[in-house]
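Working through the structure, step by step
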Amino acid sequence: MSYTNKDLAAVPIGSRTWGTRNYAALWVSMSLCIPTYMLSSSLIEGGMNWWEAVLTVFLGNAIVLIPMVLNGHAGAKYGIPFPVFARASFGLRGANIPAMLRAVVACGWFGIQTWIGGFSLFQIVKIWSPRFAQLSPIFPASFGLETGPAITFFLFWCLNMFVVYLGIDSIKKLLLFKAVFLPLAALALACWAVWAAHGLGPILSQPSKFSTPQEYWSFFFPALTGMVGFWATVSLNIPDFTRYAKSQKAQILGQAFALPLSMTAFAFVGVIVTSATVMVFGSAIWDPVILAGKFQSPWLVTFAMLAVAISTLATNIAANIVSPANDFSNLAPSKIDFRMGGYITGIIGLLIFPWKLIADPHGYIFTWLIAYSSLLGPVGGILIADYFFIRNKKLKVDDLYKKKGVYWYSNGINSKAIIALVLGILPNVPGFLSTVGLVDKDLFPLWANHIYFYAWFVGFFVSGVTYYSLMKKTSKR
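Throughout, residues of each chain are indexed from 1 in the direction in which the sequence is written. Thresholds applied to this predicted model are a pLDDT of at least 70 for local features of residues and 80 or more for the giving and counting of side-chain atom pairs; totals over whole chains, interfaces and linings are not thresholded and use all residues. Derived side-chain values reflect all non-hydrogen atoms in the structure, with water molecules and hydrogen atoms excluded from consideration.

We now examine the overall build of the protein chain. Working definition: helices are DSSP H or I runs of at least four residues, strands are E runs of at least two. Numbering for both runs from the N terminus. Looking only at helices and strands, one finds 21 helices and zero strands in the protein chain. With C-alpha atoms as the basis for the radius of gyration, the globule rule is written as 2.2 Å multiplied by the number of residues raised to the power 0.38. Taken over C-alpha atoms, the radius of gyration comes to 22 Å for the protein chain, in line with the 23 Å a tight globule of 477 residues would show. Principal-axis analysis of the C-alpha atoms gives the protein chain an extent of 70 × 50 × 45 Å. The buried label goes to any residue with under 20% of its type's maximum accessible area, the exposed label to any with over 50%, and the partly exposed label to all in between, with areas taken from a 1.4 Å probe on protein chains only. Within the protein chain, the fraction of its 477 residues that count as buried is 57%. Contact criterion: two residues are considered in contact whenever any of their non-hydrogen atoms come within 4.5 Å of each other. A sequence separation of at least 24 residues applies to 85% of the contacts in the protein chain between residues at least 6 apart.

Okay, structure coming up:
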């Protein structure tokens, strides 16, 4: 069996052309998306005031920046993508486990972003042709999907697949375009909010809804975990991008400046715009796509929704196609290339019913964001423990692609990494089962349910420490 192809092979030094500006553009492009806008707004709906919500977003992104830069080091130094990097700790075959965990989450995000982009197209068509919103239903009521949004959802899905067909170079150009266009669109939206509300609106003066410190902290920590979980996916597969870096300095500075600042700035835009909707429409509208549908001017709606569609397309391709395409390719390098991996991602993204996943803020943060962070935190802990503390940042690149090499372990799998992964996930299982309603909360002790609110942190440290201990014990023997 071959363990490489042109998409998984290490990038030659001469082909590494991304500088600080490219990584800054990457994060500005990926951060300026509708889910980012929704973060602070959903925190406000949960009970925080505006500055508590914005601060929580900033803290979450400052924390996730640490594993982002650390995992990015291997990509920049050796030119290898995430699934190949994972082979050092999990084994050539075992690496498929973290790769698939990451890929499945990306498929979920792909579905969510594609739904948002498709719904923005629906708003454009509806404003010019109102009858489009009244098409006869073709899906069962249990689907919760109307015909018009379903059509534009599929059309936007096809557009994403076309970009996959064009390849990785088209993605780089799309990100640069978005990094210039979207900040201007966000600024225009913020200016509208201030003008329409004759100021920044009531949310900026609204106090926190929590009556006791205990109520606040019980909401803050799961919310912070959700903020970390927002980019927990990319904190793993960041080597997929840093493998093109000119230097370590380029990937570190580009990410350090752009990620927390752009996320926080756009989250603040979400706050002031949601504030304005209370003044203008009488209730808080935390979904900007629904907000734009309330405008009366067809041209204004068209401009706003095109901005949303472009934003969503660029983020979707960069954050939710590049990684799973490589991850699926890692399953069978000789049969699955980047393009085929992207198509697989697209099909799975259709099957998760994304319109249901983001129907309410509670499901968005406490079910989706925290649930997958409980899976990815342990993987991050293992990768960092292996690369920095076990191997001291030294990898034998040829062996990452070679059967019977130093990373073959036992039949291609490092059992110690699997044990560490399972032990990092287990503490969060009771809380997850209780949160999604599969079991009664009283079935587990209160502390067991509460651990889930710290899912990423618990998994990261438990798996990292366990892996380090197991590997050190073996090396001493």
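Read on for the rest.
The next subject is a nonpolar patch on the surface. The grouping of Trp51, Leu55, Phe58, Leu59, Leu253, Phe257 and Leu261 at the surface amounts to a nonpolar patch, some 650 Å² of accessible area in total. Sorting the residues of the nonpolar patch by element identifies helix 3 (50-78) and helix 11 (248-281) as the ones contributing at least two each. Among the elements that line the nonpolar patch, the one with the most residues is helix 3, at four residues. With respect to the helices and strands, the residue phenylalanine 257 is situated in helix 11. Take phenylalanine 257: its relative accessible area is 55%, and that puts it in the exposed class. Only residues whose relative accessible area exceeds 30% and that form no salt bridge enter a patch; like-charged residues are grouped when within 9 Å of one another, and nonpolar side chains (Val, Leu, Ile, Met, Phe, Trp, Tyr) when within 5 Å. Note on areas: Shrake-Rupley, 1.4 Å probe, and residue coverage restricted to the protein chains presented here. When a carboxyl oxygen of Asp or Glu lies within 4 Å of a side-chain nitrogen of Lys or Arg, that pair is called a salt bridge.

Turning to the environment of serine 235, a few remarks are in order. Mapped onto the fold, serine 235 is located in helix 9 (residues 232-237). Residue class for serine 235 comes out buried when judged on its relative accessible area of 2%. For serine 235, the contacting residues outside a window of four places in its chain are Val64, Pro67, Met68 and Asn71.

Relative to the 18 Å expected for 13 residues at 1.5 Å per residue, helix 2 (residues 34-46) spans 18 Å between its end C-alpha atoms, a close match to the ideal helical length. For helix 2, the tally of buried residues reaches eleven of 13 residues, placing the bulk of the element in the interior. When we look at burial in helix 2, the residues that qualify are Ile34, Pro35, Thr36, Tyr37, Met38, Leu39, Ser40, Ser41, Ser42, Leu43 and Ile44. One or two steps after helix 2, the chain reaches glycine 47, where phi turns positive at roughly 130°. Given a helix with a known number of residues, its expected span is that number minus one, times 1.5 Å.

For arginine 391, the position within the fold is in the loop between helix 17 (361-390) and helix 18 (415-425). Ignoring sequence-local partners within four residues, the contact set of arginine 391 consists of Ala88, Asp386, Tyr407, Tyr409, Tyr467 and Met471.

Non-glycine residue lysine 404 carries a positive phi angle of around 70°. Within the secondary structure, lysine 404 sits in the loop between helix 17 and helix 18. Look at lysine 404 and you get exposed, because its relative accessible area is 64%.

Attention now goes to the packing of helix 3 against helix 11. Between the N-to-C directions of two axes lies an angle of 0 to 180 degrees, each axis being a line fitted to C-alpha atoms and, for a helix, fitted only over the stretch in contact. At a closest axis distance of 9 Å, the pairing of helix 3 and helix 11 adopts a crossing angle of 160°. Here helix 3 lies roughly antiparallel to helix 11, going by the angle between them. In this structure, helix 3 meets helix 11 at a crossing whose hand is right-handed. Angles are sorted into four bins: roughly parallel if under 35 degrees, roughly antiparallel if over 145, roughly perpendicular if 65 to 115, and oblique for all others. By the definition used in this description, the sense in which the near helix is turned from the far one sets the handedness, with an anticlockwise turn below a right angle giving left-handed and a clockwise turn giving right-handed.

So, on to the side chain of asparagine 428. Position of asparagine 428 relative to the elements: it lies in the loop between helix 18 and helix 19 (429-435). Taking relative accessible area as the criterion, asparagine 428 reaches 2% and is therefore assigned buried. Of note is the side chain of asparagine 428, whose polar atom sits 3.4 Å from the backbone oxygen of alanine 455. Leave out the neighbours within four places in its chain, and asparagine 428 touches Ser374, Ile451, Tyr452, Ala455, Val458 and Gly459. Polar contact is defined as a pair of N or O atoms within 3.5 Å, subject to the rule that within protein one atom must be able to donate a hydrogen and the other to accept it, and that residues adjacent in sequence are counted only when both atoms are side-chain atoms.

Taken as a whole, this structure holds three salt bridges when the rule is applied. Measuring nitrogen to oxygen at the nearest pair gives 2.9 Å for the salt bridge that ties arginine 391 to aspartate 386. For the pair shown, arginine 391 and aspartate 386 are each scored as buried.

The next point concerns the packing of aromatic side chains. The geometry of an aromatic ring pair is captured by two quantities: the separation of the ring centres and the angle between the planes. Two rings belonging to Phe, Tyr or Trp (six-membered ring only in the last case) form a pair when the distance between their centres is within 6.5 Å. Interplanar angles under 30 degrees mark stacking, angles over 60 mark edge-to-face geometry, and anything in between is tilted. Going through the model one piece at a time under the given rule, you end up with 29 aromatic pairs. Taking 6.5 Å as the distance between ring centres and 85° as the angle between the ring planes, the aromatic pair formed by phenylalanine 389 and tyrosine 468 counts as edge-to-face. Note that phenylalanine 389 is positioned in helix 17 and tyrosine 468 in helix 21 (residues 455-476), a separation of 79 residues in sequence. Taking relative accessible area as the criterion, tyrosine 468 reaches 34% and is therefore assigned partly exposed.

Here we take up helix 11. Compared with the 50 Å implied by 1.5 Å per residue over 34 residues, the 48 Å span of helix 11 between its first and last C-alpha is a close match. Here the bend at a residue is taken as the angle between two axes, fitted respectively to the seven residues that end there and the seven that start there. Where helix 11 bends most, the angle comes to about 25°, and this point is glutamine 255.

Looking now at the packing of helix 5 (residues 96-128) against helix 6 (residues 147-166). Taken N-terminus to C-terminus, the directions of helix 5 and helix 6 make an angle of 120°; their axes are 7 Å apart at the nearest point. Relative to helix 6, the element helix 5 is oriented oblique. As helix 5 packs across helix 6, the resulting crossing turns out to be right-handed. Taken together, the residues of helix 6 that come into contact with helix 5 (itself represented by Phe110, Gly111, Gln113, Thr114, Trp115, Gly117, Gly118, Phe119, Leu121 and Phe122) are Gly148, Pro149, Thr152, Phe153, Phe156, Trp157, Asn160 and Met161.

So yeah, pure geometry; function would need other evidence.
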